[in-house]
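Chain by chain, the residues run as shown.
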Amino acid sequence: MRFSLTALAVSAILITGCSNQGINTMTQPSQVELIAQQTQAPIAKKVPRALENHGDTRIDNYYWMRDDQRKDTEILQHLEQENQYADTVLSHTEALQKQLFEELKGRIAKDDSSVPVKEGNFYYSNQVSGDNEYAIYRRAKDFAGTDSEVLLDANELAKEHEFFNVGGLYVSPNESLMAYGEDTLSRRVYTIRIKNLDTGEYLDDKVEGAESDIAWQNDNKAFYYIKKDPQTLLGYQVYRHVLGTPQSSDTLIYEEKDDAYYTSLGKSKDGEQVFITHYSTETSGVSIIDANDPKATAKAFYPREEGVEYSIAKLNDWYYIFTNYQAVNFRLMRVEKDHIQDRSKWQDVIAADKDTLLVDFTLFDDHLVYEQRKDGLSTLKVRQLSTGKEFPLEFNDSAFSAYFTGNYELENSKVRIYYSSLTTPGTYYDFDLSTGKPEVLKQTPVLGDFEASNYQSERIMVSARDGKQIPVSLVYRKDKFKKDGTNPIYQYGYGSYGTTINPSFRSARLSLLDRGFVYAIAHIRGSEMLGRPWYEDGKKLTKQNTFNDFIDVTRELTKAGYGSKDKVFAVGGSAGGLLMGAVINQAPELYRGVAAHVPFVDVVTTMLDESIPLTTNEYDEWGNPGEKAYYDYMLSYSPYDNVSSQDYPNLLVTTGLHDSQVQYFEPMKWVAKLREMKTDNHALLFKTDMEAGHGGASGRFKRLKEDALEYAFFLDLLNEK
């Protein structure tokens, strides 16, 4: 058979592999490499297609793999063949995958519930139990959950679907109706349904093709939602849906004419206004709808200006404005409702600071709580608005991840914060706004023999080739680590959109740390770890800095003895998958193995095609290749276009057939070209979840199987268990 080995060949390989323990993995092939060498991989046909731009002609032999309908039999068969090949090559790791999966699953409490959040007259929470993949959503009249009622059981709704996701629950102002979105294809296109919470019955209303954002009108007779373009999947129209009427009669409230913008919906904390947020990578704005007026129209809070970003929050007759106007690292301002359009009347609340990034804020009746980050380290402060008195909130770790959660009401004496570090499981705190005294509401349980004291985290700075200092977060198990260059390294990176990967805890990671791995997060340029300039220095025509930083972190970590240069594994997903693709083109010799999940690798072709979801929204991030300068620059790093005849690391590539963010055909084409061009005998495995999208499998345990697969792949490359 095409994708299998004879029993004798497999037996011989397994025997050979058993003798590899303790041998340098760079000179002694692992079992997965040996099996890959002796198993015929799927070979894709080549259909040359000339792509001409700016006088340049590229030949794309695998352009034929694109099918927007996901129905082409030949394409689906090829994806299935790749899955069969990967399963065959990894078949000897099935026991290890199962062991890892049970480890990962064994650390998660089967019966668990969220911390109740108050909104209106009820406390809302969700719970999981047994082997259920999904949550049951509840509400009760008190924090303790006395006489709680079930709002929604996602397990029941998911029974008929391979994939299921609830996009959010939105209860009406009178607390009798609930709107929510459900996605059964993982395309992030939702159907909005309405449930009567008094009777348990569903209304006949169904809104198709929507985002999951919903905002109720205050008379409980209508709600606002965002309609998606069926081709680009861009949410661009805001409609008002009156209950009991067909979707075809919905009223268009706002239409975004510029396809470089995303659209989202929210509501002010006092419930009086609906906010429509319009945002691109570099510019944003807000329009307001009066939630009390059934005939309201959308009015711009302040006109959009190119390069200026702002969002707003309402407190009585004042609006607080989070903006980068004349503030590279953002500032917080405020203005009275009668002077919104006169920016000279806007007052500083937190002034601009070129060395300190304003990250986020939340408001209460008489308090402001805000987060700042300087030199990559966060601080949270509480300010009493009536007196100006201010104090910091205290945490145990110097490097951590913290964000506001569940602070839905202005009238509150406490602020709720979710906190985590590389050694501290997720913890929910209520901090007293007057004293700063913390109350631990819950710490996510980690079952088994986990002891935080067994693990050590570090934050170090390493030098990039241009002299910039790159922050790196590290964690390892103390008794498994020696700073002598012998440990394996798992290095993660993202580096796009200003997204900062804060150091936070994940129980699945323990399976690597307990086997001697050093886990490293490279806070490379393209994130905002060191403020907005750190992001600006890793996008558009400076994107190469992102790749250089990741490579330089690898070299410095091994040079400093944190791990073996023969045992470095790199991981990234989506735009982090682009990072992986660029890195292995530019410095393949540094990595033993690489996992690229839903990777954005066909940059030039995708960014030239405005029909592909997200393309036009991304021009401010990558540049518009319709302009020759951007085209040439993208072409210089695009992973697909720069695959060459050279040795590559062992590769595990994953995607979802229904991915709406990075289309399946990008990694599919990339893998086909790598098979054609690479000169090594290393494993190249490509797995497609035929039911999932960008976020991978749905369900709390199904996702762990993806982790177990990746970990088993890496451990096999080390000839370890």
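Residues numbered from 1 in each chain as written. Predicted model: local features only at pLDDT ≥ 70, side-chain atom pairs only at ≥ 80, totals over all residues. Heavy atoms only, no water.

### So, the overall build of the protein
Within the protein, the secondary structure is distributed over 14 helices and 38 strands. Taking 27 Å as the expected radius of gyration for a compact globule of 721 residues, we find that the protein reaches 26 Å, a close match to that expectation. The dimensions of the protein, computed from C-alpha atoms along their principal axes, are 75 × 55 × 55 Å. Considering only contacts within the protein whose residues lie at least 6 apart along the sequence, 58% involve residues at least 24 apart. Counting only carbon and sulfur atoms, one obtains 46% of the accessible surface of the protein, whose full area is about 29300 Å². In the protein, which carries 80 positive and 107 negative side-chain charges, the distance between the mean positions of the two groups comes to 3 Å. (Helix = DSSP H or I, 4+ residues; strand = E, 2+ residues; numbered from the N terminus. Rg over C-alpha atoms; globule rule 2.2 N^0.38 Å. Contact = heavy atoms within 4.5 Å. Areas by Shrake-Rupley, 256 points an atom, 1.4 Å probe, with all protein chains shown as cover. Lys, Arg positive; Asp, Glu negative; His and termini not counted. Charge placed at Lys NZ, Arg CZ, Asp CG, Glu CD.)

### Looking at the UniProt feature "domain: Peptidase S9A N-terminal" (unreviewed entry) in the protein
Mapped onto this numbering, the UniProt entry gives "domain: Peptidase S9A N-terminal" (unreviewed entry) at residues 43-443. Summarising residues 43-443: 9% helix, 45% strand, and an end-to-end C-alpha distance of 49 Å. (UniProt positions renumbered as here; feature names shortened; annotations may be inferred.)

### Comments concerning the nonpolar core
Side chains that are nonpolar tend, in soluble globular proteins, to be buried together. By size, the foremost hydrophobic cluster in this structure holds 71 residues, and its most contacted members are Phe550, Leu557, Tyr591 and Trp670. Broken down by element, this core gets its largest block of residues, 7 residues, from helix α9 (residues 575-586). (Core = buried A, V, L, I, M, F, W, Y, C linked by side-chain atoms within 4.5 Å. Buried < 20%, exposed > 50% of the residue type's maximum accessible area, 1.4 Å probe, protein only.)

### Section: the sheet that holds strand β11 (residues 202-216)
Strand pairing in a sheet relies on backbone hydrogen bonds. The paired strands run either parallel or antiparallel. Read across the sheet, 7 strands follow the order β8-β9-β10-β11-β12-β13-β14 without closing on themselves; strand pairing throughout is antiparallel. Each of the sheet's edge strands pairs with one partner strand only, and the pair in question is β8 (165-171) and β14 (251-255). In this sheet, adjacent strand axes meet at a mean angle of 35° when their direction is disregarded. Where strand β10 (residues 190-196) lies against β11, 4 bridges are found, and the strand directions are antiparallel. In the sheet register, Ile192 faces β11, and the bridge partner there is Val207. (Pairing = 2+ DSSP bridges. Axes fitted to C-alpha atoms, helices over the stretch in contact; angles between N-to-C directions.)

### What about the domain arrangement of the protein?
When its domains are assigned, the protein resolves into domain 1 (31-105 + 456-718), domain 2 (151-308), domain 3 (315-351) and domain 4 (355-446). Summarising the inter-unit geometry, the C-alpha centres of domain 2 and domain 4 are found 29 Å apart. (Domains from an automatic or database assignment.)

### Quick notes on the pairing of strand β23 (residues 357-363)
Across the 7 residues that make up β23, a large majority, 5, are buried. Note that β23 and strand β24 (residues 367-374) share 6 bridges and pair antiparallel. Bridging from a neighbouring strand, Asp360 pairs with Glu371 of β24. Between β23 and β24, which pair antiparallel one after the other, the connecting turn spans 3 residues.

### Re the sheet that holds strand β25 (residues 377-384)
With antiparallel pairing, the 4 strands of this open sheet are ordered in space as β23-β24-β25-β26. Two strands lie at the open edges of the sheet, namely β23 and β26 (390-392), each paired on one side alone. Averaged over all pairs of adjacent strands, the angle between strand axes in this sheet comes to 25°, irrespective of strand direction. Pairing of β24 with β25, which is carried by 8 bridges, proceeds in the antiparallel orientation. From the neighbouring strand, Tyr370 faces β25, where its bridge partner is Lys381.

### Side note on the packing of aromatic side chains
Across all of its chains, the model carries 40 aromatic pairs by this definition. With a centroid separation of 5.9 Å and 45° between ring planes, the pair formed by Phe301 and Tyr310 is classed as tilted. The exposure classification of Phe301 matches that of Tyr310, with both residues buried. Centroid distance Phe395 to Tyr419: 4.6 Å. Interplanar angle 5°. Geometry classified as stacked. Residue Phe395 is found in the loop between β26 and β27 (401-404), and its partner Tyr419 is found in strand β28 (residues 414-420); the two are separated by 24 residues along the sequence. Pair check on accessibility: Phe395 and Tyr419 agree, each one buried. Above the ring of Tyr261, the side-chain terminus of Arg304 is found at 3.9 Å from the ring centroid. Residue placement shows Arg525 over the ring face of Trp534; its charged tip is 5.4 Å from the ring centre. (Phe/Tyr/Trp six-rings, centres within 6.5 Å; stacked < 30°, edge-to-face > 60°. Lys NZ or Arg CZ within 6 Å of the ring centre and 35° of its normal.)

### A few points about the packing of helix α3 (residues 73-89) against helix α13 (residues 665-677)
For the pair α3 and α13, interaxial distance at closest approach is 12 Å and the crossing angle is 65°. Crossing geometry of α3 relative to α13 is assigned as left-handed. Of the residues in α13, those touching α3 at Ile75, His78, Leu79, Glu82 and Tyr85 are Met668, Val671 and Arg675. Broken down by class, the residue content of the contact of α3 with α13 amounts to 5 nonpolar, 1 polar and 2 charged. (Left-handed = near helix turned anticlockwise from the far one by under 90°. Nonpolar A, V, L, I, M, F, W, Y, C, P; charged D, E, K, R; others polar.)

### Topic: the confidence of the model for the protein
Residues at a pLDDT of 70 or more form 95% of the protein, whose mean pLDDT is 92. In this model, residues 1-26 is a region of pLDDT below 50 whose contacts with residues beyond four sequence positions or in other chains number 46 contacts. (pLDDT = per-residue confidence, 0-100.)

### Remarks on helix α12 (residues 628-637)
Residues of α12 that are buried: Tyr630, Tyr631, Tyr633, Met634 and Tyr637. Here the buried face of α12 lies against β1 (49-53), β2 (56-60), α8 (544-559), α9, α10 (603-607) and α11 (619-622).

### A few points about the packing of α8 against α9
Where α8 contacts α9, the two axes come as close as 10 Å, and the packing angle between them is 70°. Classified by the angle their axes make, α8 and α9 are roughly perpendicular. For the element pair α8 and α9, the recorded crossing hand is right-handed. Touching Gln544, Thr546, Phe547, Asn548, Phe550 and Ile551 of α8 are Leu578, Leu579, Met580, Ala582, Val583 and Gln586, all from α9. Grouping the amino acids of the contact of α8 with α9 by side-chain chemistry returns 8 nonpolar, 4 polar and no charged. (Parallel < 35°, antiparallel > 145°, perpendicular 65-115°, else oblique.)

### What about the pairing of strand β34 (residues 518-522)?
Counting buried positions along β34 yields 5 of 5 residues, so the element is predominantly enclosed. Where burial is concerned, the two faces of β34 agree: the one with Val518, Ala520 and Ala522 and the one with Tyr519 and Ile521 are both buried. Looking at chain direction, strand β32 (residues 469-477) and β34 are connected through 4 bridges and run antiparallel. Looking at β34, one finds that Leu474 is bridged to Ala520.

### So, the environment of Ser287
Positionally, Ser287 belongs in strand β17 (residues 284-290). For Ser287, a relative accessible area of 6% puts it in the buried group. Excluding residues within four positions of it along the chain, Ser287 makes contact with Tyr254, Val274, Phe275, Ile276, His278, Ala298, Lys299, Ala300 and Phe301. Within the local environment of Ser287, its side chain forms a polar contact with the side chain of His278, the two groups lying 2.8 Å apart. (Polar contact = N/O pair within 3.5 Å; in protein donor to acceptor, adjacent residues only side chain to side chain.)

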